[in-house]
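Read off the chains here:
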Amino acid sequence: MKNQADVIVAKRAGFCPGVKGAIEKVLELEAAGKKPVYTIGPLIHNKQVTDMLAAKQISAINTPDEATDKSGVLVIRAHGITPQFQTQVQASGMEVVDATCPLVKHAQNIIEKFAREGYHTVIVGDGDHAEVIGLMGYTHGQGVVVSGPEEAAKLPYFDKVNVVSQTTQKESVFYATAEEVKKHAAVCQISNTICQPTKDRQKETIEQAQHADLVIVVGGKHSANTTRLALLCKGLAPAVQHVETETELEEDLVKKATRIFITAGASTPDWVIDRVAARVREMHAVGIKGESNDD
Ligand code: SF4
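So, how was this worked out
- Residues numbered from 1 in each chain as written.
- Predicted model: local features only at pLDDT ≥ 70, side-chain atom pairs only at ≥ 80, totals over all residues.
- Heavy atoms only, no water.
- Near = heavy atom within 4 Å.
- Helix = DSSP H or I, 4+ residues; strand = E, 2+ residues; numbered from the N terminus.
- Nonpolar A, V, L, I, M, F, W, Y, C, P; charged D, E, K, R; others polar.
- Contact = heavy atoms within 4.5 Å.
- Core = buried A, V, L, I, M, F, W, Y, C linked by side-chain atoms within 4.5 Å.
- Buried < 20%, exposed > 50% of the residue type's maximum accessible area, 1.4 Å probe, protein only.
- Phe/Tyr/Trp six-rings, centres within 6.5 Å; stacked < 30°, edge-to-face > 60°.
- Pairing = 2+ DSSP bridges.
- Right-handed = clockwise from strand over helix to strand, strands pointing away.
- Axes fitted to C-alpha atoms, helices over the stretch in contact; angles between N-to-C directions.
- Domains from an automatic or database assignment.
- Buried area = accessible area lost by both parts, 1.4 Å probe.
- Salt bridge = Lys/Arg side-chain N within 4 Å of Asp/Glu carboxyl O.
- Polar contact = N/O pair within 3.5 Å; in protein donor to acceptor, adjacent residues only side chain to side chain.

**Q** Can you help me understand the site of the ligand in this one?
**A** Inspection of the region around the ligand gives Cys16, Gly18, Cys101, Leu103, Val104, Thr167, Thr168, Cys195, Pro197 and Thr198 as its neighbouring residues. The set of elements that each furnish at least two residues to the shell around the ligand consists of helix 4 (102-116) and helix 8 (196-209). Looking at the shell around the ligand, its residues break down into six nonpolar, four polar and no charged.

And the structure:
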């Protein structure tokens, strides 16, 4: 006989508004016959989505020079780019569509406002991430990226500093880092630029994961926000599996669990989450119980 289990799918699993908006924009362009559509960098770190986009002649390039057909459209993805790069993109002569997420734009504006007033900027995030590279462009050359309090402890002393966050940062890491930066500045402005969808997702994850005996995090292995979500869960639940698709589910782990919480990063499409949830239900032969994104 199969075990019974509570299987709860996060209400806030899957595409965030910024990613959803960028995908809708490129699909609208493609449907309007604007082909090819080039995105500057991958639109999203999810193989299932990039494969679907590639089939519609929507592909990623690094710079406008790489566009083989200059009659195509260039789309700036949700992560945004530096103002310097934006100038280069506009100068390409190609049609440009800006799909930068409004919440990333908000972070860019906050950085620029304080940079203009002579503040140094400390960004709490991943220095290699496209959004952070874009944010650095607004610091007027007076910016530094730190991953957490340990790196912040090595910072020099500033007269005035503005501490901001990568939009998908873990809130506790941001505040612990800001506390450390305070010790290195006469004036310290703390600007929590973690976006609301990320805050909501983290809140729901914390509430649900600590009552689960297995958390399944669905999303690309190269997606920073999905990996961060999996890390967050590892501190809360006894077992966590990060899978890209249902084929990676560990059946033994799933069958042993009695309360399973399924969540996903901001770049995971609903259909991938649904397949994982369906496979988990199949393994237990139960319906979804409690909260679900099916409603
Ligand atoms: S994670 Fe937040 S800031 Fe980033 S694209 Fe999504 S909604 Fe926008």
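Additional details are given in the paragraphs that follow.
**Q** How should the environment of Glu244 be read in this particular structure?
**A** Here Glu244 is to be found in the loop between strand 11 (240-243) and helix 10 (251-256). Placed 196 residues apart in sequence, Glu244 and Gln48 show a C-alpha to C-alpha distance of 9.0 Å. Among all residues touching Glu244, those that are not within four sequence positions of it are Gln48, Val218, Gly219, Gly220, Lys221 and Val272.

**Q** Any chance you could explain the nonpolar core here in plain terms?
**A** One broad trend across soluble globular proteins is that nonpolar side chains are buried collectively. Ranked by internal contacts, the top residues of the largest apolar core, which has 34 residues, are Val215, Ile216, Ile260, Ile262 and Val280. Those elements giving two or more residues to this core turn out to be strand 1 (6-9), strand 10 (214-218), helix 9 (224-234), strand 11, strand 12 (259-264) and helix 11 (270-284). If you tally residues by element for this core, the top one is helix 11, at six residues. Leave out the neighbours within four places in its chain, and Val215 touches Ala209, Cys233, Ala237, Ala239, Val240, Gln241, Phe261 and Thr263. In this structure, Val19, Ile44, Val49 and Val97 belong to the second largest nonpolar core, which totals 20 residues.

**Q** Mind showing me how you'd approach the packing of aromatic side chains here?
**A** Two descriptors summarise a pair of aromatic rings, namely the distance from one centre to the other and the angle between the planes of the rings. According to the stated counting rule, one finds two aromatic pairs in the structure shown. Relative to Tyr119, the ring of Phe114 has its centre 5.0 Å away and its plane inclined at 80°; by these criteria the two rings are edge-to-face. Each member of the pair, Phe114 together with Tyr119, is buried.

**Q** In this structure, what is going on with the pairing of strand 11? I would like to understand it.
**A** For a regular strand, side chains alternate in direction, first toward one face of the sheet and then toward the other. By the alternation rule, side chains of strand 11 split into Val240 and His242 and Gln241 and Val243, which are all buried. Relative to strand 11, strand 10 runs parallel, the two sharing four bridges. Its bridge partner lying in strand 11, Val215 is registered against Val240. In this fold, strand 10 hands off to helix 9, which returns the chain to strand 11; that crossover is right-handed.

**Q** Looking at this structure, I do not really get unusual backbone geometry. What am I missing?
**A** When glycine is set aside, most residues are seen to have a negative phi, and most peptide bonds are trans. With an omega of -10°, the peptide bond running from Lys35 to Pro36 counts as cis. For Pro36, the location among the structural elements is in the loop between helix 1 (17-31) and strand 2 (37-40). The phi dihedral of Gln57 is positive, around 60°, even though this residue is not glycine. Mapped onto the elements of the fold, Gln57 is located in the loop between helix 2 (47-54) and strand 3 (58-61). Looking at Gln57, the relative accessible area reads 46%, which means it is partly exposed.

**Q** Honestly, the sheet that holds strand 6 (residues 120-124) in this entry has me stumped. Any pointers?
**A** One key point about sheets: their strands pair by backbone hydrogen bonds, in either a parallel or an antiparallel sense. With parallel pairing, four strands are arranged side by side in an open sheet as 7-6-8-9. Two strands lie at the open edges of the sheet, namely strand 7 (143-146) and strand 9 (185-190), each paired on one side alone. Geometrically, the sheet is characterised by an average inter-axis angle of 25° between neighbouring strands, direction not taken into account. Here four bridges tie strand 6 to strand 7, and the two strands are oriented parallel to one another. Note that in strand 7 the partner of Val122 across the bridge is Val144. Contacts from helix 4 reach strand 6, strand 8 (158-165) and strand 9 within the one sheet, and its direction differs from that of strand 8 by about 175°.

**Q** How should I be thinking about the domain arrangement of the protein chain in this particular structure?
**A** Many descriptions give the size of an interface as the accessible area lost when the pieces come together. If you check the domain split of the protein chain, you get domain 1 (6-14 + 197-284), domain 2 (17-100) and domain 3 (103-194). Placing a centre on the C-alpha atoms of domain 1 and another on those of domain 2 gives a separation of 29 Å. With 12 residues of domain 1 at the interface, the matching set in domain 2 holds eight residues. Together domain 1 and domain 2 conceal approximately 710 Å² of surface at their shared face, both sides included; 65% is due to carbon and sulfur atoms. Counting across the interface, domain 1 meets domain 2 through zero salt bridges. Linking domain 1 to domain 2 there are zero residue pairs in polar contact (both at pLDDT 80 or more).

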